[in-house]
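# Summary of structural features
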Amino acid sequence: MIKIVLSLMIIWPVCFLGCLNTAFADELNPSLLVENIDLISTVDQITVGGNYSGSHLYIAGVIENTDPLLWRQNRYNVIVVLEGPNRELIMREKKRKLGVWVNVDALMFKRVPLFYAVATSRQLQDITDSDTYRELGLGLNYVHLRMLSEQTQMKELFRKELIEIKKKQKLYSENIGAVVFAKGSLFKVQFNLPANVPVGAYRVHAYLFKDGAFVKEVSTSLTIAKAHLAYSIYRAAHLHSLWYGIGAILLAVATSLIGQLIFKKD
Amino acid sequence: MSLDIYLPIAEMSLNIFLLIGMGAGVGFLSGMFGIGGGFLITPLLIFFNVPSAIAVGTSANQVIGSSATGAFSHFKRRTLDIKLGILLVLGGLVGSILGIQAFSLLRAVGQLDLIIALLYVLLLGGIGIMMAIESFRALMRRHQGRNPVLKRPGNHNWILKLPFKVRFRTSMIYVSIIPVLVIGFAVGALSSIMGIGGGFVLVPAMIYVLRVPTNIVVGTSLFQVTFVSAFTTVMQAITNQSVDVVLAFLLMVGGVIGAQYGTRAGRHLRAEQLRLLMAVLVLAIALRLAFQLFIKPDDLFNLSLVNLAP
């Protein structure tokens, strides 16, 4: 309290000299300041190395202008989302036709994230209410997934199934407690990137909640790349498919020739 | 250390020894029966949850190796009709192009897996039953003390009457190019949709329809299979990105080893016994594939990318 008074006293002459703007003084009063959240980005590209069992991504952020009382009572919460790259997906449902299981129904998803991981500082229901989650499109229950269909029932079913499949592949996840508050007003997040993490453009969104209410969202972008041999092969197959095909032929002939030479000797 | 190897195109991990072993097993059978083995590799890969498209594309790649070296040794022994082979290849290339188009179309509408499975059930089932009956009869005849009689090739008068006749000196036949191109075409289409070399269709067709002498048939068939499956591999790589070189390589390594032992084992068995064994194997695979079509799958829903952007 004394500190604030002192600083106000120092500011006084400045205000007299400059403007008599009351808002200026307000900004210096912590209880009236608006909280701010920011991500500290050190890199904009993550290269997943030769480790096929997956890797981790660490992200740090900072919360500013918090109310010390609420802060001490753990009334601030942070949710961080890592999502991307957006692609068109088609989902098909098998049904029995003439005794045979055949793909019958299909639904197209427009620009949905192939990877979607939510990290929170505590249980989702303890951070805010479902209306807020719905408004923000936040969490696996409310993530925006655009579908090209008019049938509400089918959309609901396919949406549920997409999330189930993605969860099984470890590409969609909710990680309760993965956001940890560190010294001061810093927070850090750990995301597990499975071996099958898709490469491409990602976005990191950080949401700040104060006492159950949504305060602010910030976001930054990030590229995930893979450096190992398997990915180089994948990239060659897609970018230089003609040469890849010719290489495949040569490899086949060479393997067979070498095999013949080895077995001729004995 | 994990023995699983990540297959970059199939985007899944499989045990490295399982793959080499699978290649060796199929190589053993191909050496024993004198077949390409593509029609065994594709269903086996599908059983291990490799996506059908990748199984077919990779199998076409795997077929090239053994048929190329086989064709080359027949070429050296002059048991290969180059002229006939080239015409069969021409038909095969057209068949392969159309087959790949059909493949992409089926993949886009989500019916590729079903059609591949159905084609395998029909083809393997049909051939398996025919072989089983034929070899069983031959065995019975031998059992009764009579010499096995080979069925004489049928008299296809209408084929001999077709126009555009060409003389093939090595094969010593004078035949219209129409059936030659049609046979090549059919094998090319099968190769691209099913990932098989097509030898087991080509060989009987050449013997019974074109009346090519048996000593020329195998070399010429291998010649056609080499070029058509090489072309199919490139087409699959360009159009569907469905060739997994890591998978193909491991299967080939196993195949090279297995084929050596298969050839030796084959010498100890009689032709009819071999054919009956082969028929049983082919029927078992057909049944297993058919079974998969009729039982309720674990995952009723499946997800795929619409455009495979890198």
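Everything that follows concerns the structure shown earlier in this document.
The sections below set out a description of the structure shown in this document. Residues take numbers from 1 onward in each chain, read along the sequence in its written order. Throughout, the order in which chains and ligands are written sets their labels, letters from A for the former and numbers from 1 for the latter. Note on the predicted model: pLDDT of at least 70 is required for a residue's local features to be given, and 80 or more for side-chain atom pairs to be given and counted; whole-chain, interface and lining totals, by contrast, use all residues.

Each helix and strand in chain A was counted, giving seven helices and eleven strands. In this scheme every C-beta is placed from the backbone, and a residue whose C-beta has 20 or more other C-beta atoms within 10 Å is buried, one with 12 or fewer is exposed, and one in between is partly exposed. When the 266 residues of chain A are sorted by exposure, 25% land in the buried category. Contacts spanning at least 24 positions in sequence make up 68% of the contacts within chain A whose residues lie at least 6 apart. Going along the chain from the N terminus, every DSSP run of H or I of four or more residues is numbered as a helix, and every run of E of two or more is numbered as a strand. Placing C-beta atoms from the backbone, we regard two residues as in contact once those atoms come within 7 Å.

This brings us to the overall build of chain B. For chain B, the helix and strand inventory stands at eleven helices and five strands. Based on C-alpha atoms, the radius of gyration is set beside the globule rule, defined as 2.2 Å times the residue count to the power 0.38. Its C-alpha atoms give chain B a radius of gyration of 20 Å, within 12% of the compact-globule value 19 Å for 310 residues. Across its three principal axes, chain B shows a C-alpha extent of roughly 55 × 45 × 40 Å. Counting the 310 residues in chain B, one finds 49% classified as buried. Contacts in chain B between residues far apart in sequence, at least 24 positions, make up 80% of those at least 6 positions apart.

By convention the nonpolar core is taken to be a set of buried residues drawn from Ala, Val, Leu, Ile, Met, Phe, Trp, Tyr and Cys and joined through C-beta atoms within 7 Å. In terms of nonpolar packing, the biggest core is built from 99 residues, with A:Ala248, B:Leu7, B:Leu247, B:Ala248, B:Leu250 and B:Leu251 touching the most fellow members. One finds A:Ile59, A:Phe115, A:Val179 and A:Leu193 within the second-largest nonpolar core, a separate group that totals 36 residues.

Our next topic: the interface of chain B and chain A. The interface is formed by 43 residues belonging to chain B together with 44 residues belonging to chain A. Elements with a minimum of two residues in the side of chain B that touches chain A: helix H3 (52–76), helix H9 (214–239), helix H10 (245–266), helix H11 (271–294) and strand S5 (301–305) of chain B. It is H10(B) that provides the largest number of residues to the side of chain B that touches chain A, a total of eight residues. A per-class count over the side of chain B that touches chain A returns 28 nonpolar, 13 polar and two charged. Between any two strands, at least two bridges found by DSSP are needed for them to pair. The sheet contact formed by strand S4 (residues 76–97) of chain A and S5(B) spans five bridges and is antiparallel. In the sheet register, A:Met91 faces S5(B), and the bridge partner there is B:Leu303. Just so you know the grouping, Ala, Val, Leu, Ile, Met, Phe, Trp, Tyr, Cys and Pro go in nonpolar, Asp, Glu, Lys and Arg go in charged, and all remaining residues, Gly too, go in polar.

Let us now look at unusual backbone geometry. All names here are of chain B. With a phi close to 60°, Arg 211 is a non-glycine residue in the positive phi region. By secondary structure assignment, the location of Arg 211 is in the loop between helix H8 (199–208) and H9. On the basis of neighbour counts, which here come to 16 C-beta atoms within 10 Å, the residue Arg 211 falls in the partly exposed class. For Gln 241, which is not glycine, the phi dihedral falls at a positive 45°. By secondary structure assignment, the location of Gln 241 is in the loop between H9 and H10.

Assignment of secondary structure puts B:Val280 in helix H11. Along the primary structure B:Val280 and B:Gly128 are separated by 152 residues, whereas in three dimensions their C-alpha atoms are 6.9 Å apart.

Right, let's talk about the sheet that holds strand S9 (residues 186–193) of chain A for a bit. All names here are of chain A. Across the sheet, which stays open at both edges, the four strands sit in the order S1-S3-S9-S8 with antiparallel pairing between neighbours. A strand with exactly one partner marks an edge of an open sheet, and here the two such strands are strand S1 (36–40) and strand S8 (179–181). Averaged over all pairs of adjacent strands, the angle between strand axes in this sheet comes to 25°, irrespective of strand direction. Across eight bridges, the pairing between strand S3 (residues 55–64) and S9 is antiparallel. Across the sheet, Ser 55 pairs through a bridge with Leu 193, a residue of S9. Helix axes use the C-alpha atoms of the stretch in contact, all axes being lines fitted to C-alpha atoms, and the angles between their N-to-C directions lie in the range 0 to 180 degrees.

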